[in-house]
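# Survey of secondary and tertiary structure
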Amino acid sequence: MFIAFEGGDGAGKSTQTGLLCQELTRRGLTVLATREPGGTQIGEKLRSLVLDHGHGAIDARTEALLFAASRAAHAEQVIRPALERGEVVVTDRYIDSSVAYQGAGRSLGTGDVKALNGWATNGLWPDLTVLLDVHPAHGRHRRTAGAAAEDRLESEPDEFHQRIRNAFLDLAAAAPESYLVLDAHSPVDQLAAAILERVEQLLAGRGSVAQ
Ligand code: TYD
């Protein structure tokens, strides 16, 4: 089973991926927790190229291709082999992040960016996407409350982040059976319980034991 977490910056994805992986592991499932951009050696290099300030100007198409290249390696080297071993894969960000950030945020077009990434991953789509929906101003508040400086994308204006939020919601609305949309402002334990419930349903449907 392949689960992706998506949402704007500061939505609390890493907290929730961590809690889900912990609980599934406790139940005896083998879980592979991974993240994008990154997840492979080349992916980590591409992550730094595209996110760190100081690499000069990066135009929108180059940015989209770098994310797609990182994802191609991630899908081929990490995600697909783990799924073939029967593991549960939980990724912090995947194709929808490119559709939202590069397709809508950078205005490259969501259809083109989706197609590019379908090609890059050889058609590897998640079974479930958990969308943690965050209001841009709230996301910024959470990010800047932490110690880390904002990266190239995080430091874009709220209007950019609002386009991203709308794009994520549109993706979920177009395929509700494959998405769980939650309000990222809800309490952490409430979110974790809702996510677990949906994942349990999926596991039960596949005959995997999880209790
Ligand atoms: P993320 O790992 O969530 O940030 P952090 O390390 O701060 O938790 O993602 C880094 C940034 O990259 C984030 O602003 C979203 C952006 N991004 C894209 O623009 N396109 C993509 O395809 C992906 C995976 C991330």
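This text follows the structure it describes.
Residues numbered from 1 in each chain as written. Predicted model: local features only at pLDDT ≥ 70, side-chain atom pairs only at ≥ 80, totals over all residues. Heavy atoms only, no water.

### Digging into the nonpolar core
Here is the rule: Nonpolar cores are built from buried Ala, Val, Leu, Ile, Met, Phe, Trp, Tyr and Cys residues. Side-chain atoms within 4.5 Å join them into one set. The buried label applies to any residue whose accessible area, calculated with a 1.4 Å probe on protein chains only, is under 20% of its type's maximum; exposed applies above 50%, and partly exposed to all values in between. Secondary structure counts use DSSP, requiring at least four H or I residues in a row for a helix and at least two E residues in a row for a strand, with both numbered from the N terminus. Contact between two residues is taken to exist if any of their heavy atoms lie within 4.5 Å; hydrogens are not considered.
With 29 residues, the main nonpolar core has Y94 and Y101 as its most contacted residues. Breaking this core down by element, the ones donating at least two residues are β1 (2-7), α2 (41-51), α3 (60-84), α4 (95-105) and α7 (158-174). Per element, the largest residue contribution to this core is six residues, and it comes from α7. With residues near it in sequence (within four places) discarded, Y94 still touches F2, A4, E6, E36, R71, A75, I79, T121, L124 and P126. Judged by nonpolar contacts, the second largest core, of 22 residues, contains V88, V130, V134 and L180.

### With respect to helix α8 (residues 188-205)
Our working definition: Helix span, expected: 1.5 Å multiplied by one less than the number of residues in the helix. The directions from the helix axis to the C-beta atoms form the arc being described.
Taking 1.5 Å per residue as the helical rise, α8 with its 18 residues ought to reach 26 Å, and the 26 Å between its terminal C-alpha atoms agrees with that figure. Listed in full, the buried residues belonging to α8 are L191, I195, L196, R198, V199 and L203. Within α8, the buried residues cover an arc of 165 degrees as seen down the axis, which keeps them to one side. With respect to the buried face of α8, the exposed residues turned more than 90 degrees away are D189, A204 and G205. Residues of α8 that are buried in the fold lie against β1, α1 (13-26), β4 (128-133) and β5 (179-183). Among the residues trailing α8, G207 stands out with phi positive, at a value near 75 degrees.

### Describing the site of the ligand
Selection rule: We call a residue near a molecule or strand whenever a single non-hydrogen atom of that residue lies within 4 Å of it. A 3.5 Å cut-off defines polar contacts: any pair of N or O atoms within that distance qualifies, except that in protein one atom must be a possible hydrogen donor and the other a possible acceptor, and neighbouring residues in sequence count only when both atoms are side-chain atoms. All accessible areas in this document rest on Shrake-Rupley with a 1.4 Å probe, and a residue is counted as covered only by the protein chains that are shown. Cavity: a set of points on a 1 Å grid over the protein atoms alone where a 1.4 Å probe fits but cannot get out. Pocket: an open set with protein on both sides within 12 Å along at least five of seven lines, its lining residues, like those of a cavity, having an atom within 4 Å of a point. In this scheme, a molecule is assigned to a cavity or pocket if more than half of its atoms are within 2 Å of the grid points. Amino acid classes used here: Ala, Val, Leu, Ile, Met, Phe, Trp, Tyr, Cys and Pro are nonpolar; Asp, Glu, Lys and Arg are charged; the rest, including Gly, are polar.
Taken together, 15 residues sit near the ligand, with R47, R71, R93, S98 and Q102 positioned nearest. Contact between the ligand and D9: an oxygen atom at 2.9 Å from a side-chain N or O atom of the residue. A distance of 2.7 Å separates an oxygen atom of the ligand from a polar atom in the side chain of R93. For the ligand, whose free accessible area comes to 550 Å², the fraction covered by protein is 84%. Assessed atom by atom at 2 Å from the grid points, the ligand resides in the largest pocket. Those elements that provide at least two residues to the shell around the ligand are α2, α3 and α4. Considering each element in turn, the shell around the ligand owes the most residues, four residues, to α4. When grouped by side-chain class, the residues that make up the shell around the ligand number five nonpolar, three polar and seven charged.

### With respect to helix α6 (residues 136-145)
When we look at burial in α6, the residues that qualify are P136, G139, R140 and R143. Around the axis of α6, the buried residues are gathered within 100 degrees of arc, so they sit on the same side. When the buried face of α6 is taken as reference, the exposed residues oriented beyond 90 degrees from it are H141 and A145.

### A few points about the layout of surface pockets
Stated precisely, the cut-off is as follows: Grid points are joined across faces, edges and corners, and a volume is the space filled by probe spheres set on the points.
Its volume calculated, the largest pocket comes out at about 790 Å³. Taken together, 31 residues line the largest pocket, and the ones lying closest to its centre are D9, R47, R93, D151 and E154. Where the lining of the largest pocket is concerned, the elements lending two or more residues are α1, α2, α3, α4 and α6. Class assignment for the residues of the lining of the largest pocket results in nine nonpolar, nine polar and 13 charged.

### What about empty space enclosed by the protein?
Over the atoms rolls a probe the size of a water molecule, and its path tells where empty space is left. Tallying each qualifying case throughout the model produces three cavities of 30 Å³ or more. Its volume calculated, the largest cavity comes out at about 50 Å³. Along its surface, the largest cavity is lined by G8, D9, V134, H135, P136, G139, R143, H161 and R165. Among the elements that make up the lining of the largest cavity, the one with the highest residue count is α6 (three residues). When grouped by side-chain class, the residues that make up the lining of the largest cavity number two nonpolar, four polar and three charged. Estimated volume of the second largest cavity: approximately 40 Å³. Lining the second largest cavity, in full, are G7, G8, L131, L132, D133, V134, R165 and F168. Of all the elements in the fold, those that place two or more residues in the lining of the second largest cavity are β4 and α7.

### Details of unusual backbone geometry
E36 connects to P37 through a cis peptide bond whose omega is -10 degrees. Looking at the element boundaries, P37 is found in the loop between β2 (31-35) and α2. Positive phi is not limited to glycine here, since R93 has a value of about 85 degrees. Note on placement: R93 falls in the loop between β3 (88-92) and α4. Here the phi dihedral of S107 falls at roughly 60 degrees; this positive angle occurs in a residue that is not glycine. Position of S107 relative to the elements: it lies in the loop between α4 and α5 (110-120). A relative accessible area of 54% means that S107 is categorised as exposed.

Taken by themselves, the reported measurements are silent on function.
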